[in-house]
Amino acid sequence: MNISNRVRKAIYAGTFDPVTKGHLDVVERGSRIFDELIVAVADNPSKKSIFSRQERVRHIRKLVTKYPNVRVDTFKGLLIDYVRTQDTNIILRGIRTVSDFEYEFQMALTNRALAPDIETVFVMACEKYSYISSRLIRETVQLGADVSMFVPSEVQAELRRKIKK
Ligand code: COA
């Protein structure tokens with residue numbers, strides 16, 4: 001296939017527990033670069049999620065309706081296997097800080113060793129959200145902090161309700 005005629009589709013995977021404004025910044029950047037972007041919600045076996053996979057999908061779906069070329073999906077197993085099922089070879093990742101780099105490098109190279117045809121493409125994430133993580137959001141909300149500068153208000157409200165239970 002002529003490469004210039006190909007639809008450029010990328011996969012932005014994560015656990016998104018919860019989705020933050022930092023993730024949404026990467027989604028917006030990706031939606032401007034690619035013809036189609038799939039936000040792929042995964043479970044990370046080394047993390048205990050507060051929201052179920054379906055809840056995380058619901059949150060993200062509501063927040064990405066303004067991007068017509070973005071859709072939300074879930075997957076289990078290896079990311080590279082999922083990428084192949086979507087008929088693409090591009091993984092999108094956001095780099096926030098120098099400290100992200102080593103981890104991202106390891107992941108990208110592991111994925112490349114397993115699937116040399118799949119490329120990881122990085123965007124520079126917004127510096128405003130460079131230090132947040134989903135774990136820190138969960139922890140600070142649990143302790144009563146207002147994190148509306150980092151998390152969409154509807155997600156923060158659901159997080160509060162979930163933590164109170
Ligand atoms: N803004 C704000 N926070 C961000 C962010 C951004 N732009 N980018 C990442 N983060 C946060 C995430 O919320 C996450 O926080 P947490 O650790 O508190 O949950 C942390 O930074 C790390 O992000 P990430 O590396 O994307 O981890 P993840 O758990 O969200 O996603 C997968 C990891 C799902 C992509 C990876 O585990 C995977 O590919 N799994 C499938 C199995 C597989 O193929 N494994 C082999 C990989 S080589």
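Scroll up to find the structure.
Notes on the structure in this doc start here. (Residues numbered from 1 in each chain as written. Predicted model: local features only at pLDDT ≥ 70, side-chain atom pairs only at ≥ 80, totals over all residues. Heavy atoms only, no water.)

## Some words on the side chain of Ser31
Part 1: Relative to the elements of secondary structure, Ser31 occurs in helix α1 (residues 21-33).
Part 2: On the basis of relative accessible area, Ser31 is assigned to the buried category, the value being 12%.
Part 3: Beyond its immediate chain neighbours, meaning those up to four positions away, Ser31 contacts Leu37, Tyr67, Asn69 and Val70. (Helix = DSSP H or I, 4+ residues; strand = E, 2+ residues; numbered from the N terminus. Buried < 20%, exposed > 50% of the residue type's maximum accessible area, 1.4 Å probe, protein only. Contact = heavy atoms within 4.5 Å.)

## Regarding unusual backbone geometry
Part 1: The omega torsion across Asp17 and Pro18 is 5°, close enough to zero to call that bond cis.
Part 2: Looking at the secondary structure, you find Pro18 in the loop between β1 (9-14) and α1.
Part 3: In this structure, Phe16 takes a positive phi of about 50° despite not being glycine.
Part 4: Note that Phe16 resides in the loop between β1 and α1.
Part 5: We classify Phe16 as buried; its relative accessible area is 3%.
Part 6: Even without being a glycine, Asp87 presents a positive backbone phi close to 60°.
Part 7: In this structure Asp87 comes out as exposed when scored by relative accessible area, which is 69%.

## A word on a nonpolar patch on the surface
Part 1: A surface patch of nonpolar side chains, about 290 Å² in accessible area, is lined by Phe101, Phe105 and Leu109.
Part 2: Relative to the helices and strands, Phe101 is located in helix α4 (residues 98-114). (Patch = residues over 30% accessible without salt bridge, like charges linked within 9 Å, V, L, I, M, F, W, Y side chains within 5 Å. Areas by Shrake-Rupley, 256 points an atom, 1.4 Å probe, with all protein chains shown as cover. Salt bridge = Lys/Arg side-chain N within 4 Å of Asp/Glu carboxyl O.)

## Section: the site of the ligand
Part 1: Lining the immediate environment of the ligand, one finds 24 residues, of which Lys47, Leu79, Arg93, Ser134 and Arg135 sit closest.
Part 2: A distance of 3.0 Å separates an oxygen atom of the ligand from a polar side-chain atom of His23.
Part 3: Contacts to the ligand include Ile132, whose backbone N or O atom sits 3.4 Å from a nitrogen atom.
Part 4: Calculation on the ligand without its partners gives an accessible area of 930 Å², and the protein chains cover 84% of this total. (Near = heavy atom within 4 Å. Polar contact = N/O pair within 3.5 Å; in protein donor to acceptor, adjacent residues only side chain to side chain.)

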